[in-house]
Amino acid sequence: MKTTQRSHSKGILLILLSALLLGSYGVWSRLLGDSFDGFSQGWIRSLLVCIILLPIVLYKKQLVSIKRKDWKWLTVFLIAPSVTQAPIFYAFNNMDIGTATLLLFVSLLITMYVVGFFFLKEKVSSDKLFSLGLAIVGLLLIFSFSLEKFSLLPAAMASLVGIASGLQVSFSKKLSSSYSAFYLSFLSWLVIIPSHGLAALWFGEQHIPPLFDITWIYLLGYAFAGLFAFLFYIIGLKYIEASAGGLIGLTEIIFGILFGILFFGEILTVRILVGAFLVITAAALPDINDFVRQRKRRKKN
């Protein structure tokens, strides 16, 4: 019994750490500021993550060829991350971190519902439809606030990243049974290198030489945050239910808002707080229902 409780606590701690690291994305973006251009920081950071992940994938013998039937799913899965890094870097540097985090998350949530309903033929349950409605209302509240305080472009960039991330997460379900999480993660980071590298050349961005200064420490911190957030989440799910993991993962939004307030003096209005509450509720409802059902089944057994 004690071992089970320790494992459960370990899972909760790992997923909380994952949410904390994901919530720190805005802080790292602000610390980098204009030291790196948007596309340049994206491909360099992705290269650092790939250098770390490649030996792991090779050691585990997970570097395998992609089956022909999976190419269409893999194409969507890889196109999505190829357009994420520069836009979110821009959004975090041109609007409040908390607002950008909320826009990203609610766009991701709505995209996952739409893809699940129309493309993956998932069951359209009443709680999911209710959650989708709440998420849309929350998005309207947050987005209208963003347009009042910020320009349209950073708000649109945060939403774009949310849509792309939602596509990636949703279509990963078609691949996760055949390929390891490490391998899929490696591929998703790998595709960012040419997409952002070519864009950096196209826009004539300046490439900073690899000097050992504080800027590169921030970039390394950003890279490690992305890498370990993924690893902690995957490992944490081994010790607790997926539904419980989803609920704990929602603290990413709270961490993002808190970081913005603590480090950059950001202020949230009543409207955005209401929007945030609706978004968190919308995301939590399906997982709460699943969690309750699992508990009931366990008690019966």
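To start, this report covers the structure provided alongside it. (Residues numbered from 1 in each chain as written. Predicted model: local features only at pLDDT ≥ 70, side-chain atom pairs only at ≥ 80, totals over all residues. Heavy atoms only, no water.)

**Side note on the overall build of the chain**
In terms of regular secondary structure, the chain is built from 14 helices and zero strands. Principal axes of the C-alpha set define a box for the chain whose edges measure 65 × 50 × 40 Å. When each of the 301 residues of the chain is scored for burial, the buried share is 49%. Across the chain, every contact between residues at least 6 apart in sequence was considered, and the portion connecting residues at least 24 apart equals 91%. Separation between the mean location of the 26 positive side-chain charges and that of the 14 negative ones in the chain comes to 17 Å. (Helix = DSSP H or I, 4+ residues; strand = E, 2+ residues; numbered from the N terminus. Buried < 20%, exposed > 50% of the residue type's maximum accessible area, 1.4 Å probe, protein only. Contact = heavy atoms within 4.5 Å. Lys, Arg positive; Asp, Glu negative; His and termini not counted. Charge placed at Lys NZ, Arg CZ, Asp CG, Glu CD.)

**Details of the pattern of salt bridges**
Going through the model one piece at a time under the given rule, you end up with two salt bridges. Taking the shortest distance from any N to any O, the salt bridge between Glu-266 and Arg-30 comes out at 3.2 Å. On the criterion of sequence distance, the pair formed by Glu-266 in the loop between helix 13 (251-264) and helix 14 (270-300) and Arg-30 in helix 2 (residues 25-32) is long-range, its members being 236 residues apart. Accessibility expressed as a relative area gives 8% for Glu-266, which makes it buried. Lys-69 is the partner of Asp-70 in a salt bridge, and the nearest nitrogen-oxygen pair spans 3.3 Å. Overall, the relative accessible area of 2% leaves Asp-70 in the buried class. (Salt bridge = Lys/Arg side-chain N within 4 Å of Asp/Glu carboxyl O.)

**Side note on the packing of helix 6 (residues 97-118) against helix 13**
At a minimum axis separation of 7 Å, helix 6 and helix 13 run at an interaxial angle of 165 degrees. Here helix 13 runs roughly antiparallel to helix 6, going by the angle between their axes. In the crossing of helix 6 with helix 13, the sense of the turn from one axis to the other is right-handed. Judged by residue contacts, Ile-97, Gly-98, Thr-101, Leu-102 and Phe-105 of helix 6 engage Glu-252, Ile-253, Gly-256, Ile-257, Gly-260 and Phe-264 from helix 13. In terms of residue class, the contact of helix 6 with helix 13 is built from six nonpolar, four polar and one charged. (Axes fitted to C-alpha atoms, helices over the stretch in contact; angles between N-to-C directions. Parallel < 35°, antiparallel > 145°, perpendicular 65-115°, else oblique. Left-handed = near helix turned anticlockwise from the far one by under 90°. Nonpolar A, V, L, I, M, F, W, Y, C, P; charged D, E, K, R; others polar.)

**Considering the environment of Lys-67**
On the secondary structure map, Lys-67 appears in the loop between helix 3 (38-59) and helix 4 (71-79). With relative accessibility at 44%, the residue Lys-67 sits in the partly exposed group. Sequence separation between Lys-67 and Ser-178 is 111 residues, and the spatial gap between their C-alpha atoms is 9.1 Å. Among residues more than four places away in sequence, those in contact with Lys-67 are Ser-178 and Tyr-179.

**Topic: the layout of surface pockets**
Approximately 250 Å³ is the volume found for the second largest pocket. Lining the second largest pocket are 15 residues; nearest its centre among them are Asp-37, Gly-38, Ala-86, Phe-89 and Tyr-90. Counting only elements with at least two residues in the lining of the second largest pocket, the list comes to helix 3, helix 5 (85-94) and helix 8 (152-171). Among the elements that take part in the lining of the second largest pocket, helix 5 stands out by supplying five residues, more than any other. Split into classes, the residues belonging to the lining of the second largest pocket amount to eight nonpolar, four polar and three charged. (1 Å grid on protein atoms, 1.4 Å probe; cavity = no way out; pocket = protein on both sides within 12 Å on 5 of 7 lines; lining within 4 Å. Points joined across faces, edges and corners; volume = space filled by probe spheres on them.)

**What to know about helix 9 (residues 181-190)**
Burial analysis of helix 9 places seven of its 10 residues in the buried class, which makes it a mostly covered element. Of the positions making up helix 9, those classed as buried are Tyr-183, Leu-184, Ser-185, Phe-186, Leu-187, Ser-188 and Trp-189.

**Some words on the packing of aromatic side chains**
Scanning all chains against the criterion turns up 10 aromatic pairs. An angle of 25 degrees between the planes, with centres 6.4 Å apart, marks the rings of Phe-255 and Phe-259 as stacked. Of this pair, Phe-255 and Phe-259 are both found in helix 13, four residues apart, which corresponds to roughly one turn of the helix. Ring geometry for Phe-259 and Phe-263: centres 5.8 Å apart, planes at 35 degrees, overall tilted. Pair noted here: Phe-259 and Phe-263 are both in helix 13, with a separation of four residues, about one helical turn. When its relative accessible area of 15% is taken as the criterion, Phe-259 is described as buried. Assessed through its relative accessible area of 53%, Phe-263 is described here as exposed. Over the ring of Phe-264 we find Arg-30, and its NZ or CZ is 4.8 Å from the ring centre. Its end group placed over the ring of Tyr-222, Arg-45 keeps NZ or CZ at 3.6 Å from the ring centre. (Phe/Tyr/Trp six-rings, centres within 6.5 Å; stacked < 30°, edge-to-face > 60°. Lys NZ or Arg CZ within 6 Å of the ring centre and 35° of its normal.)

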